[in-house]
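Listed below, chain by chain, are the residues.
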Amino acid sequence: MDKSKPSYIGGILEMANHRLYPFWGSLTAAVRTGESQNESKGGQDPFTALYADPAKLREFLRAMSGVSRGANMAIAQKFPWGDYRSCADIGTAQGDLVTQITLAQPHLQGIGFDLPEVGPIFEEYIASNGLDARVRFAGGSFFTDELPKADVLLFGHILHDWDLATKRMLLQKAYAALPTGGAVVVYDSIIDDARKENAFGLLMSLNMLIETPGGFDYTGADCIGWMQEAGFTHCRVEHLVGPDSMVIGIK
Ligand SMILES: C[S@@+](CC[C@H](N)C(=O)[O-])C[C@H]1O[C@@H](n2cnc3c(N)ncnc32)[C@H](O)[C@@H]1O
């Protein structure tokens, strides 16, 4: 919790204080109308609305590093990285996932893909971790651009931001971009198939109702089904840390 250290994960608490707490005051309206209650109220793309303010952009990206650090470190250790040479993190934010992976796996080259306005904040973070030689930024939108080419494509807290059609579209784009034998790794607070155990995942889904026009969290069986529809095989769920699990599929 020391802001001057690279290990600082308090960004998520700062954002919860400034944004999520007041937005959750409109929970009743969210449940009654099914509409988001944040900057995207009215149906706007949640990221366009949020990133219009540079201070909110920076705070949000730091918050993502804070909330994702534990899972990112687990993915860096648990995934069979020895079988692959490169990875691309789709919707990378500050770049903590590709940072933790490439710090732990010195043979890997990494790419962080995100909206162009994220680039300078990503590059600052990569430089502060001494990874400029192996990690680069690719700016674009996964709605209009192709995904970058790499052996492994990662989606951390991305699928839950969007409606079902977009979730499926992103997995289809991943399949098209990967080489044969390549892997997709999706991670979120994956809800248990019976929807009875992972209370954090269920509450995160409610948070997506407040924060996005169509997003929701989902079970491992849901995600495996969407992966198989896109063409992936050998799909499996593996627990990471706390409420987070990853779902892996192979092309
Ligand atoms: C919920 S954050 C997840 C960040 C990070 N992967 C993590 O787990 O901490 C969603 C990310 O998707 C990015 N994003 C949103 N719309 C995008 C788009 N159309 N194309 C590429 N990235 C996008 C956002 O900028 C943000 O970094």
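Here goes a summary of the coordinates provided.

Cut-offs applied
Residues numbered from 1 in each chain as written. Predicted model: local features only at pLDDT ≥ 70, side-chain atom pairs only at ≥ 80, totals over all residues. Near = placed C-beta within 6 Å. Nonpolar A, V, L, I, M, F, W, Y, C, P; charged D, E, K, R; others polar. Helix = DSSP H or I, 4+ residues; strand = E, 2+ residues; numbered from the N terminus. Buried ≥ 20, exposed ≤ 12 C-beta atoms within 10 Å, placed from the backbone. Contact = placed C-beta atoms within 7 Å. Pairing = 2+ DSSP bridges.

Looking at the site of the ligand
Here's step 1: With respect to spatial proximity, 16 residues lie near the ligand, and among them Met-64, Ser-68, Gly-91, Gly-156 and His-157 are the closest.
Here's step 2: Within the shell around the ligand, the residues separate by chemical class into eight nonpolar, six polar and two charged.

Quick look at the environment of Leu-202
Here's step 1: By the element assignment, Leu-202 lies in helix 8 (residues 199-211).
Here's step 2: Among the residues examined, Leu-202 registers 16 C-beta atoms within 10 Å and is labelled partly exposed.
Here's step 3: As for Leu-202 and Ala-221, which are separated by 19 residues in sequence, their C-alpha atoms are 15 Å apart.
Here's step 4: In this view, Leu-202 contacts Ile-191 and Arg-195; residues no more than four positions away in its chain are not counted.

Things to note about the pairing of strand 4 (residues 152-156)
Here's step 1: Buried residues dominate strand 4, accounting for five of its five residues.
Here's step 2: Alternating positions in strand 4 separate into two faces, Val-152, Leu-154 and Gly-156 on one and Leu-153 and Phe-155 on the other, with burial throughout.
Here's step 3: Pairing of strand 1 (residues 86-90) with strand 4, which is carried by three bridges, proceeds in the parallel orientation. Along strand 4, the bridge assignment pairs Asp-89 with Leu-154.
Here's step 4: For strand 4 and strand 5 (residues 183-188), the ladder comprises five bridges, and the chain directions are parallel. Residue Phe-155 lies in a different strand from strand 5, and its bridge partner there is Val-186.

None of the figures reported here should be taken as evidence of function without further support.
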